[in-house]
Amino acid sequence: MTNRKPETWTELQDMVAHYFNYSGYEAITPCKIETVRGEVEVDVFVKADNELSNRIICECKYWNTPIPQEKIHAFRTVVNDSGASLGIIISKLGFQKGAIVAADKSNIKLFTWEQFLDYLFEKWFVYRKNRLRKLSKPLSVYTDPFDIPAELLSKSQLDEYKKTQVKFAGLYIMTFNFDENMVSKYNEAFDESVTTIEEFFNSAEEKIEDALSYYEVFFKGVEIPEWKFVW
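## Overview of helix α7 (residues 197-218)
End to end, α7 covers 31 Å across 22 residues, agreeing with the expected 32 Å (1.5 Å per residue, within 8%). On its buried side, α7 packs onto α1 (9-21), α4 (113-142), α5 (155-174) and α6 (182-190).

Next up, the structure:
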């Protein structure tokens, strides 16, 4: 998924919120929330609409020791008093045995950084995939010779268009063909050296945005019916 790792407590908070936001949730860090005992500040507050766990509280512990049992009990109180349906603690170095026992059969999940990424991976991957596909939709029009008004282009413009069309069409097609070899295929096709799925998505989005900017300038003054861009 990624080779990024937090190096500080603040980075841990920020990255937890980032990956929730890039998984289709709404995450805020830090966030003050109301509980039955008054207002408290939590590390990350997550809204998860249309899910049973529609309010999630995250505690981020960048400690150089495993988290003890008493921290689980204190966190469970905050989660329960806030009405949240799920609490997650992300720890740099894991948890003591008593902490694991204290969280068992409760609405508290305990994760290391790597376990947290594994927990979110499916949601994150679907969100990033759909985001990439949505971004690339206009390329299906710009790279289809039957959709563009070729008769309005000069010969030199057509020649230039043909040079870019194959490359950018390949970029569009790649956004709909995901498999275990997609990173290596992307590197080979575009002479890149990305090593993770996250790097692939980031790089592909950047290339698509560049392609769309290019075509917007190239076709400036040439009318392409708006309905062609709507699926």
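## What about the pattern of salt bridges?
Under the criterion given, the structure shown has ten salt bridges. We note a salt bridge from E59 to K61, for which the minimum N-O separation is 3.1 Å. This pair shows no difference in class: E59 is buried, exactly as K61 is. The partner of K207 in a salt bridge is E192, and the shortest N-O contact between them spans 2.9 Å. Here E192 lies in the loop between α6 and α7 and K207 lies in helix α7, a separation of 15 residues in the sequence. Residue classification places K207 among the partly exposed positions, given a relative accessible area of 22%.

## Here's the deal with the packing of aromatic side chains
Under the counting rule described, the total for this entry stands at 28 aromatic pairs. Where W124 meets F201, the ring centres are 5.8 Å apart and the plane angle is 80°; that geometry is what we call edge-to-face. Taken as a pair, W124 in helix α4 and F201 in helix α7 lie far apart in primary sequence, 77 residues in all. Residues F125 and F178 carry aromatic rings whose centres are separated by 5.9 Å and whose planes lie at 80° to one another, so their mutual orientation is edge-to-face. Highlighted residues: F125 in helix α4 and F178 in the loop between α5 and α6, separated in sequence by 53 residues. Among the aromatic residues, ring-to-ring pairing joins F121, W124, F125, F178, Y186, F190, F200 and F201 into one connected group.

Rules behind the numbers
Every chain is numbered independently, its residues counted from 1 as its sequence is written. Reporting of local features is limited, given that this is a predicted model, to residues whose pLDDT is at least 70; pairs of side-chain atoms are given and counted only at 80 or more, and all residues count toward the totals for whole chains, interfaces and linings. Think of the side-chain values as coming from all heavy atoms in the structure, minus any hydrogens and water. Going along the chain from the N terminus, every DSSP run of H or I of four or more residues is numbered as a helix, and every run of E of two or more is numbered as a strand. By this rule the span expected of a helix is its residue count minus one, scaled by 1.5 Å. Contacts between residues were defined by any pair of non-hydrogen atoms, one from each residue, lying within 4.5 Å. Basic side-chain nitrogens of Lys or Arg form a salt bridge, by our definition, when they fall within 4 Å of a carboxyl oxygen of Asp or Glu. We call a residue buried when its accessible area falls under 20% of the maximum for its residue type, exposed when it is over 50%, and partly exposed in between, using a 1.4 Å probe and counting protein chains only. To pair, rings of Phe, Tyr and Trp, with the six-membered ring standing in for Trp, must have centres within 6.5 Å; the planes then decide the type, stacked if under 30 degrees apart, edge-to-face if over 60, and tilted in the middle.

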